[in-house]
There are 4 protein chains.
Amino acid sequence: MTVRIGVVGTGAIGREHIERLTRTISGARVSAVADIDAALAEKAAAAAGGARVAADVPELITADDVDAVLVTSWHAAHAEHVLAAVAAGKPVLCEKPLATTADDALRVLAAEEAHGRRLVQVGFMRRFDPGYRELRRVIAGGGIGRPLMMHCAHRNRTQGERYTTEMAAQDTAVHEIDAARWLLGEEIVSAQVIMPRATDHRFPHLRDPQFMLFETAGGVRIDLEVFVNCQYGYDIRCETVGETGLVRLPDPARAEIRSAGRVGTEIDQEWGGRFAEAFDVEVQAWVDSVADGAATGPSAWDGYAATAVAAATVEAQRTGAVVDVNLAPRPAFYA
Amino acid sequence: MTVRIGVVGTGAIGREHIERLTRTISGARVSAVADIDAALAEKAAAAAGGARVAADVPELITADDVDAVLVTSWHAAHAEHVLAAVAAGKPVLCEKPLATTADDALRVLAAEEAHGRRLVQVGFMRRFDPGYRELRRVIAGGGIGRPLMMHCAHRNRTQGERYTTEMAAQDTAVHEIDAARWLLGEEIVSAQVIMPRATDHRFPHLRDPQFMLFETAGGVRIDLEVFVNCQYGYDIRCETVGETGLVRLPDPARAEIRSAGRVGTEIDQEWGGRFAEAFDVEVQAWVDSVADGAATGPSAWDGYAATAVAAATVEAQRTGAVVDVNLAPRPAFYA
Amino acid sequence: MTVRIGVVGTGAIGREHIERLTRTISGARVSAVADIDAALAEKAAAAAGGARVAADVPELITADDVDAVLVTSWHAAHAEHVLAAVAAGKPVLCEKPLATTADDALRVLAAEEAHGRRLVQVGFMRRFDPGYRELRRVIAGGGIGRPLMMHCAHRNRTQGERYTTEMAAQDTAVHEIDAARWLLGEEIVSAQVIMPRATDHRFPHLRDPQFMLFETAGGVRIDLEVFVNCQYGYDIRCETVGETGLVRLPDPARAEIRSAGRVGTEIDQEWGGRFAEAFDVEVQAWVDSVADGAATGPSAWDGYAATAVAAATVEAQRTGAVVDVNLAPRPAFYA
Amino acid sequence: MTVRIGVVGTGAIGREHIERLTRTISGARVSAVADIDAALAEKAAAAAGGARVAADVPELITADDVDAVLVTSWHAAHAEHVLAAVAAGKPVLCEKPLATTADDALRVLAAEEAHGRRLVQVGFMRRFDPGYRELRRVIAGGGIGRPLMMHCAHRNRTQGERYTTEMAAQDTAVHEIDAARWLLGEEIVSAQVIMPRATDHRFPHLRDPQFMLFETAGGVRIDLEVFVNCQYGYDIRCETVGETGLVRLPDPARAEIRSAGRVGTEIDQEWGGRFAEAFDVEVQAWVDSVADGAATGPSAWDGYAATAVAAATVEAQRTGAVVDVNLAPRPAFYA
């Protein structure tokens, strides 16, 4: 059986997923695409090797030739498109964030629970990265004892003018927020943001770097450097310290070069390369789960929790204070 | 278009490739399998999700529902099965070795040249490993100057009783033989084998470890430690030293653990995990090349050269002397 | 010329310094020792190969056979003994801390300034560690751009029952406080302490680990994990992030071992081994400076600043708030 | 007691040792120096802070104000100067080589044995390097099982015009020859040299790089790349492979820098920095042993064996063949 995918949104990430579904993923093909920009949609459909352009998003989501939906529209529309897929009873992979507000995310939870079984997977691809998976295996296996602290860094080479101070929480830190919840198996209960001396290599409206602090329900403290104009490359660090040891996310395997008085390796410049394998594994796992009829991976609850923590972090940016995260009670449906 | 693959041989590696073609590779499916062991063939066909069991190998190779052939039969039959595929004008991916004798390999070259265009790819998967690819890119880009030496090691945790001293050349060193030819762009012209003090962790009939020395047409010297009962894991080392620097194959990216007085990472225990990504990329590239109608990757010439060098290495094991490799002239067809 | 050293205090660190001055350092010998515990003093004097036991500390400090004084008495007496050395016009190396209160430290500053030239060096040995020196050279040379953040960790395997929550600031973090001031060339202006989930591997009265945050006058943010019962070893991390790059303190050079499915190195268990070379270089530099008649190295001002920041950190431990460090104006004498 | 050292030879290495003895080493001072070049000797004596210039070498060696002799004269005179020291019954530290011919080295052995107790230490400083010491400790402790192979490299950035093909064996490889004997506890019984493609970055008379192969009495195989114009830095590699694991000499601890798309560290450019600590430890151990009246460290036998293996290696350079090393029987005196 080949799973027929309808793709909502044919921007950069949408086109990457279409390429992936067409050339890399086993057991799937893109059958339809939808985008407000008709020219973009035509181009994407052609790249998929014979997909059609849907009249609009509702038509695509409800169409007979669409078994499952991949949402890569603009962030503000994510919740609406996911709700439409749930209403149609179709599995949906939604790029993060699930929603831009906690209320919208809660609407997705309610709809999915009403539907009666899981349909939604949120695109936190790091859960599919081999390095993160090894972290989780080591922690879960007791290799470092009970976790006490996490030290993280999320560094991009540069960001363009559209990137805002809030996006450091909503778009960037959200990856570490989900990864920490997943690695530790605990919810985050508070957020704080400290602003170090700012780099000059940024647009004036942006606070960069930012130093974020989170606490989990069990008292684990997480610190996260977000530095999106670090100049030297794309660099992700994650270290979990437990009662008897620590485990650290590996750097990508790169050839060591000794030359001109230095020994070292190259560093990735863009995030796409760093997590290319994670994206492949993520989408293949989603396609397999669609074929098997059982959603797996990061759930709508995970999407809701990440959105809620990111919202608290944005408030912490503004106030400078420690901001509590007040999650709704977790439905038994997501236990 | 979905490429329909016929698989010849359903032993361990055949079954892995069937699993890969069925669950991981995009644009292909296994349509038929053949094996002398009918029960094994039935099981493999079922695992492929609806492939049929062919009456015999010739029937499979010539069948209408087979677009391309994957040869994973026993080594002594490789050449015969590849020749049948070439006779049928079908693309064929043959696990290494292409042939067990240089003469058989030459017959494949002659047949393919007579056919008039490339049909054969030999399964040297390291050419598809990201680490080896980075080595090649650095060397070709002048990052270490003109190459002068290579230092390699090929270590397995253990080998079973069937593994022989000759297999250290034919089955083990053959990977480094091909990788060196590919990285350096030169043929190997001589081989020598030195026998260090033997490990006690081996079956008595086996010389282990072995220290092999190769020379290329341009005078590059390659040394290779083959140690197939090293006990500690599966470990592949490759370092190329040039006039101005050196480049070294990376170890796999593994999480660093600090615990109990030690800092370090785990080491792969089996070769399958170490090169899993390389196998995926290799087979996907082959499927893509079949769909595109143009063979790429390691050629029958590469398979012939590796077999010839391995044969010289076996002679060097026996004699202790430096043994010349006398390759047939390279046909313009393979230029 | 051989510098004759009088050692005040013959506890564990005092005896180590006596051994060092006797067997490792060039151009010095221990001529006299003093300790309240006469038996301990006798033993230390014998170990120095012919030093005498002074009647008391004042006698030692003023004696004709003492050119310079090394203070390794108990912390509360440091300031008194340093003041006595300054009164006698003799160079003095005082183990950290210079004083247990900022007021006592200010008395040392006043006395030294009144004397008219520098006599005091404080024992912050990390400034003499090759790794820290390389950090400083890279930062000062512009290799990472303007510094914005520092991420540090100070981990001990275990601490005994006498170790208190306050000592995490006064005895442990004080090393990073001085190192940060020295690496960045800026004073620290505030301190905050966050208490993560506590380890069970500690005495009940102790908060462990602690997560400390400092800010410099220029806005650089420093975070420091203090974890004194981490179980796995003695481990010091220091990473400075600048506008264009980062530099990280190296782990000690240790032989890589591949064995039993793991690759890695040993980790130091005790701090003595980790900084043995730094202590040697520190004491040799002090002896050389005494012979040259010109004090160098960490000054009384550095000792004062570290004590003041540590005091603010202790207050931050108690209050949970951000505590300002209000340093006295820096005398031109220490410019 | 201060050991009074007479230094024979005030060239570059002699002056370094004089500086070391004067400023770094505890318990010693340079009392006299001798050199054919009187001006050089005067300068060196002044640098030692009050040493005298001896009339000639015999006068220095027999003088009452010389307790022990450090030989750093030109290589061809080493044996003569060591023999004079032995004749005078004085401890002597001789820079490698002990002698330029095996016969001369045997004369030293005979003289020392006739004297009745050890007086001679040969300057193989690597035995005092912390990294090599850790290698030895791991091997001796059974951490890798019984050794089977060693892989070594000795790379210099460049060498001047005076450096000859023979010196690659006599002056360069001699360090690895001694280190291998010491690490493995076995004599080397044969040598072979293979000449890879030569680098263009060399003077035309020089073969560079060279690939050397040694065998020990127990069958351990040692390979050594000597590459003295590698351009990128001074780089020493040593890896010992045993039946159950391997251990590798660490690179020096250097700060990791992430900048401009690369992560890495600097590489030493000159050998002096790489082994500075080893030289300090070596000379301090020698001075201590002189004070204690009992020679330790690499013996005259070690010096003889290294010279004999180097001579065989030179013959192997010329003939291309495997050359046996025929050592004289080891006197019980050196057991």
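Residues numbered from 1 in each chain as written. Chains lettered and ligands numbered in written order. Predicted model: local features only at pLDDT ≥ 70, side-chain atom pairs only at ≥ 80, totals over all residues. Heavy atoms only, no water.

- In the annotation of an unreviewed UniProt entry, the entry for chain A reads Inositol 2-dehydrogenase, and the organism field reads Streptomyces synnematoformans.

**Remarks on the relation of the copies chain C and chain B**
Now for step 1: For these two chains of identical sequence, chain C goes onto chain B by a turn of 180° and a shift of 0.0 Å along the axis, with RMSD 0.0 Å. Taken together, the rotation angle and the small translation identify this as a two-fold axis. Residue Gly264(C), judged by its C-alpha, is the member of chain C lying nearest the rotation axis, at 1.9 Å.
Now for step 2: Comparing interface residues between copies, 100% of those in chain C also lie at the interface in chain B; the contact surface is shared. (Least-squares fit on C-alpha atoms with pLDDT ≥ 70 in both. Contact = heavy atoms within 4.5 Å.)

**Some thoughts on the sheet that holds strand 5 (residues 92-95) of chain A**
All names here are of chain A.
Now for step 1: Spatially, 3-2-1-4-5-6 is the arrangement adopted by the six strands of the open sheet, whose pairing is parallel. Of all strands in the sheet, those bounded by a partner on one side alone are strand 3 (52-53) and strand 6 (120-123).
Now for step 2: Examined bridge by bridge, strand 1 (residues 3-8) and strand 4 (residues 68-71) share four bridges and lie parallel to one another. From the neighbouring strand, Gly6 faces strand 4, where its bridge partner is Val69. (Pairing = 2+ DSSP bridges. Helix = DSSP H or I, 4+ residues; strand = E, 2+ residues; numbered from the N terminus.)

**Some points on the interface of chain C and chain B**
Now for step 1: Between chain C and chain B, the residue contacts involve 16 residues of the former and 16 residues of the latter.
Now for step 2: Taking both sides of the interface into account, the surface hidden between chain C and chain B amounts to around 1,400 Å²; carbon and sulfur atoms contribute 43%.
Now for step 3: The largest per-residue losses of area from chain C upon contact with chain B belong to Arg258(C), Gly261(C) and Arg262(C), which jointly make up 42% of the total buried on that side.
Now for step 4: Scanning the region where chain C abuts chain B turns up four salt bridges.
Now for step 5: In this structure, Asp251(B) engages Arg258(C) in a salt bridge whose closest nitrogen and oxygen atoms are separated by 2.6 Å.
Now for step 6: Joining chain C to chain B, the criterion identifies ten residue pairs in polar contact (both at pLDDT 80 or more).
Now for step 7: Sorting the residues of the side of chain C that touches chain B by element identifies strand 11 (235-242), strand 13 (256-259) and strand 14 (262-266) of chain C as the ones contributing at least two each.
Now for step 8: A per-class count over the side of chain C that touches chain B returns five nonpolar, five polar and six charged. (Buried area = accessible area lost by both parts, 1.4 Å probe. Salt bridge = Lys/Arg side-chain N within 4 Å of Asp/Glu carboxyl O. Polar contact = N/O pair within 3.5 Å; in protein donor to acceptor, adjacent residues only side chain to side chain. Nonpolar A, V, L, I, M, F, W, Y, C, P; charged D, E, K, R; others polar.)

**Structural notes on the relation of the copies chain A and chain C**
Now for step 1: Here chain A sits on chain C after a turn of 180° about the axis and a move of 0.0 Å along it, with an RMSD of 0.1 Å.
Now for step 2: In this assembly, 100% of the residues forming the interface of chain A have copies in chain C that are likewise at the interface, indicating an isologous arrangement.

**Section: the UniProt feature "domain: Gfo/Idh/MocA-like oxidoreductase N-terminal" (unreviewed entry) in chain A**
Now for step 1: This chain's UniProt record puts "domain: Gfo/Idh/MocA-like oxidoreductase N-terminal" (unreviewed entry) on residues 3-124 of chain A.
Now for step 2: For residues 3-124 of chain A, helix accounts for 43% and strand for 22%, while the C-alpha atoms at its two ends are 21 Å apart. (UniProt positions renumbered as here; feature names shortened; annotations may be inferred.)

**Quick notes on the side chain of Ser190(B)**
Now for step 1: As for its placement among the helices and strands, Ser190(B) is situated in strand 8 (residues 188-194).
Now for step 2: When near neighbours in sequence (up to four residues on either side) are disregarded, Ser190(B) contacts Leu213(B), Phe214(B), Glu215(B), Val322(B), Val323(B), Asp324(B) and Val325(B).

**Looking at the sheet that holds strand 4 (residues 68-71) of chain B**
Now for step 1: One open sheet accounts for six strands, arranged 3-2-1-4-5-6 (chain B); its pairing is parallel. For this open sheet the edge positions go to strand 3 (52-53) and strand 6 (120-123) of chain B, each flanked by a neighbour on one side alone.

**Quick notes on the interface of chain A and chain C**
Now for step 1: The interface of chain A with chain C comprises 39 residues on the first partner and 39 residues on the second.
Now for step 2: Buried surface at the junction of chain A and chain C, summed over both partners, amounts to about 3,000 Å²; 55% is from carbon and sulfur atoms.
Now for step 3: Between chain A and chain C we count 20 residue pairs in polar contact (both at pLDDT 80 or more) in total.
Now for step 4: Contributing elements (two or more residues each) for the side of chain A that touches chain C: strand 7 (147-155), strand 8 (188-194), strand 9 (210-216), strand 10 (221-227), strand 11 (235-242) and strand 12 (245-248) of chain A.
Now for step 5: Of all the elements, strand 7 of chain A adds the most residues to the side of chain A that touches chain C, at five residues.

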